[in-house]
Amino acid sequence: MTAAGIARLAGVGRAAVSNWRRRHADFPKPVGGTETSPAFALCEIEQWLRDQGKLAEVPLRERVWQQLVGHPAGAAVALRQAGAVLLLAHDRPAAWQQLRGAADDTELTGVLPAMLDSVLAARLGADHPVRGLTREALAPSATLVRAAADLAAADGAAQAYAFLLGRHLDANPRQYTLTPPGPAALMAELAAPDGPLRTVLDPACGVGGLLTAAQERAGDEKPEADASGAPAAPLALHGQESDPDLAALTALRLALSAPDAQVRVRAADTLRADAFPDLAADAVLVHPPFNERNWGHDELAYDPRWEYGFPARTESELAWVQHALARLRAGGTAVLLMPPAAASRRSGRRIRADLLRRGALRAVIALPAGAAPPNGVPLHLWVLRKPGNGAPPSPHLLVVDTAALAPGGRDKLDWQTVHATAVDAWQAFDRDGGIEEEPGVRRSLAAIDLLDDDVDLAPARHLPPPSAAGGPAELARVRDRLTDTLARTTQLTPRPTGTDAGQQPGPVRWPLTTVGELARSGALTLRTGGAGTAPAGTGAPAVLADHDVIGATAPSGTLPEAPPSGPAEEPVLLLAGDVVVPVLGGGAVARVIDDATAGAALGRNLTALRPDPAALDPWFLAGFLRGTANNRQASSYASSATRLDVRRLQLPRLPLAEQRRYGRRFRDLADFEEALRLASRLGEQLVQGLHDGLTDGSVAPD
């Protein structure tokens, strides 16, 4: 186990583990790993923690996880073995209890392979991907098998496997491309907005996120009996994945989370070796690999799936689109997560044109950047309907752009609004064949209008911008607000000290102190931001980021979710009167926290100064911290990014009454500065609104 695992066992931070290694000569020595990331023996660590009184008992979940990651065959193999045992315990509890009574590990691993083969074939079909469960392979896993069964008895088999799989994915973030739960749930709902899903295929299933979302959506629907009164067929989940390990893990995940469903997962390259050539699914959900050149272009030139045109070598995504359509029943729906370039690359324009002509492509929905990996790219959802159910081809395409719903990027992504906007637009369009236009958000386009030389389907290029700030009436209100704000800035414009009497005061030589000295004397406390996690499934405070301080905006960040196995780390929560200073960038900025911002968590690259109100006035403190010369003196220019040493910032030693006199002046300057910001925003809104109004005809030139 690593130092991070030790920290989780003891419920402390990694710094505490490093401290123990330095201070305690009897701390266990590494048994593997590297010099920078050593590995320790679990049994030695457990005993040392108990001897030190730092651990009463190793949690069962942590014990199973450490045995899994320390397995000689690797974590993926161990997870496959543990998952198969959990499925046996779930499906055949009586047989498993009898098996647990085996006299020794040799007897256990001798009988186990046949039982596992039986239950896996019954649940996943004879050609399931969970291979390699031989007596020899299971021999080193007897302890893990028994511990996994204990975990199933404590938490339930499905929950135990979800925990172990989740920890494995968290521990290897670069190894897997995951579809987040939000987009997965949206794709499942778009595939069946008005009824249950019965047969679902994901031909690039990865770890099964999309099929799990489909199963959860199907679980909310009651299957209806057919016309003869016979009960409806159970949900059938089909998946294919080229990585055999991923296919095995996904098959076990689905078998445990959807015990009433028929699960069929196969390990093979989908485009080259389709495992379900005769399937006619109700829905196909796919997050295909992007920008693949080696997808089978040379071998598959005459494949019958290319009904809408043979994809170019650079258009692997359009090969996945046509594969999805080929595996749908007539009238079935496919939803694919696509890179935005697939909507506009010239090499794919002929296939896009044929998809439109034949009514197969029904909607293109642009998601905000950060909705799914790669997080810097605003991905698209393509919604397709297989023609041939007797309905004429749809002459229209729905385009939706939800990027404006997350103006601040990932940290301000309002996924609930994105989900509702996309689903409402699709349901209305699918029901009525058209939709009321909403500028900047959604529009129904005639397919014939898109069949030009480019066949560009990017939603943003076909959506008119929102009308000029809401129209002439709204522009008039913006102008009135700007006029009032400009008048207020005139009233708030400060005058330099001494101008009334014509004085020219010179610099004052005050006795100075530093923030570090004030902290040591107890006049203020210093807190550094960036730490903290949110407990899973609970509300968490917003995070005040450095750009919020610089731009004087509301807190816009979010806390990362705590790992399922460890406690949440408490963030630094701000109080009214705290003074927050960015430590990067070299600018003279300090913000006094008001009642509206109090309670937010302190973000990265920020330092909070909490003054004792009996010794320091917060506005006096913030005002002097903003001095240009003060910041230059306290800044380090050793690197390309100027870093501020907050402890070196200076301010004069003044009585509290004199501090408050300066504080009132600094507060007046803050009011003036905020009025200028508001005037700037209103002015930009008015200017852009008038440009838009004049160019779209909603505002007359006279």
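Structure's up top.
Quick summary incoming for the structure in this document. Please read all numbers here as calculations on a predicted model, not as lab measurements. (Residues numbered from 1 in each chain as written. Predicted model: local features only at pLDDT ≥ 70, side-chain atom pairs only at ≥ 80, totals over all residues. Heavy atoms only, no water.)

It is worth spelling out the packing of helix H4 (residues 60-69) against helix H9 (residues 142-155) at this point. It is at 10 Å that the axes of H4 and H9 come closest, and there the two elements cross at 150°. Comparing their axes, H9 and H4 come out roughly antiparallel. Handedness of the crossing formed by H4 with H9: left-handed. Contacts between H4 and H9 pair Leu60, Arg61, Val64, Gln67 and Leu68 from the former with Thr143, Leu144, Ala147, Ala148, Asp150, Leu151, Ala154 and Asp155 from the latter. (Axes fitted to C-alpha atoms, helices over the stretch in contact; angles between N-to-C directions. Helix = DSSP H or I, 4+ residues; strand = E, 2+ residues; numbered from the N terminus. Parallel < 35°, antiparallel > 145°, perpendicular 65-115°, else oblique. Left-handed = near helix turned anticlockwise from the far one by under 90°. Contact = heavy atoms within 4.5 Å.)

We now examine unusual backbone geometry. A cis amide bond, omega 0°, links Pro373 with the succeeding residue Pro374. Phi is positive for Ala552, close to 55°, though the residue is something other than glycine. Locating Ala552 in the fold gives a position in the loop between helix H20 (546-551) and strand S15 (579-582). In the Ramachandran plot, Asn605 falls in the positive-phi region, its phi being about 60° despite a non-glycine side chain. As for its placement among the helices and strands, Asn605 is situated in the loop between strand S17 (601-602) and strand S18 (606-611).

Glancing now at the side chain of Arg352. Position of Arg352 relative to the elements: it lies in helix H15 (residues 349-357). For Arg352, which is buried and forms no salt bridge, the nearest opposite charge comes from Glu315, at a distance of 4.9 Å. Apart from residues lying up to four places away in sequence, Arg352 is in contact with Ala342, Ala343, Ser344, Arg345, Trp382, Asp454, Val455 and Leu457. (Buried < 20%, exposed > 50% of the residue type's maximum accessible area, 1.4 Å probe, protein only. Lys, Arg positive; Asp, Glu negative; His and termini not counted. Salt bridge = Lys/Arg side-chain N within 4 Å of Asp/Glu carboxyl O.)

Turning to the pairing of S18, a few remarks are in order. When a strand is regular, its side chains alternate between the sheet's two faces. Counting buried positions along S18 gives 5 out of 6 residues, so the element sits mostly inside the fold. The pairing of strand S13 (residues 524-528) with S18 spans 5 bridges and is classified as antiparallel. Pairing of Thr525 across the sheet is with Arg610, part of S18. With 4 bridges connecting them, S15 and S18 associate as antiparallel partners. Paired with Pro582 across the bridge in S18 is Leu606. (Pairing = 2+ DSSP bridges.)

Judged by how many residues are buried, helix H11 (residues 181-191) sits mostly within the fold: 8 of 11 residues are covered. Turning to H11, its buried residues number three or more, namely Gly182, Pro183, Ala184, Leu186, Met187, Ala188, Leu190 and Ala191. Where the residues of H11 are buried, they touch helix H12 (209-219), strand S6 (281-286), strand S7 (328-338), strand S8 (361-366), strand S9 (380-385) and helix H16 (415-432).

Paired through backbone hydrogen bonds, the strands of a sheet run either parallel or antiparallel to each other. Across the sheet, which stays open at both edges, the 9 strands sit in the order S5-S4-S3-S6-S7-S9-S8-S10-S11 with mixed pairing between neighbours. With partners counted over all chains shown, the strands left at the sheet margins are strand S5 (262-267) and strand S11 (442-446), one partner each. Taking each pair of neighbouring strands and ignoring which way they run, the sheet shows an average axis angle of 15°. Pairing analysis gives 5 bridges linking S8 to S9, with the strands arranged antiparallel. Directly across from Ala366, in S9, lies its bridge partner His380. In the packing of H11 onto the sheet, contacts are made with S6, S7, S8 and S9, and the angle to S7 comes to roughly 155°.

Another aspect to go through is the packing of H4 against helix H10 (residues 157-171). Viewed as axis vectors pointing N to C, H4 and H10 meet at an angle of 55°, and their least axial separation amounts to 11 Å. Between H4 and H10, the angle is such that the two are oblique. Helix-helix and strand crossings are classified by hand; for H4 and H10 the assignment is right-handed. Counting all contacts with H4, which are made through Arg61, Glu62, Val64, Trp65 and Leu68, the residues of H10 involved are Phe163, Leu164, Arg167, His168 and Ala171.

With that out of the way, let us pick up the pattern of salt bridges. Under the definition given, this model contains 29 salt bridges. Among the salt bridges present, the one from Glu307 reaches Arg358, with a minimum N-O distance of 2.5 Å. One end of the pair, Glu307, is in the loop between S6 and helix H14 (316-326); the other, Arg358, is in the loop between H15 and S8, with 51 residues separating them in the sequence. The exposure class of Glu307 is partly exposed, given its relative accessible area of 45%. The partly exposed category is assigned to Arg358, whose relative accessible area is 30%. One salt bridge connects Asp430 with Arg385, and the closest N-O pair in it is separated by 3.3 Å. You can see Asp430 sitting in helix H16 and its partner Arg385 sitting in strand S9, a full 45 residues away along the chain.

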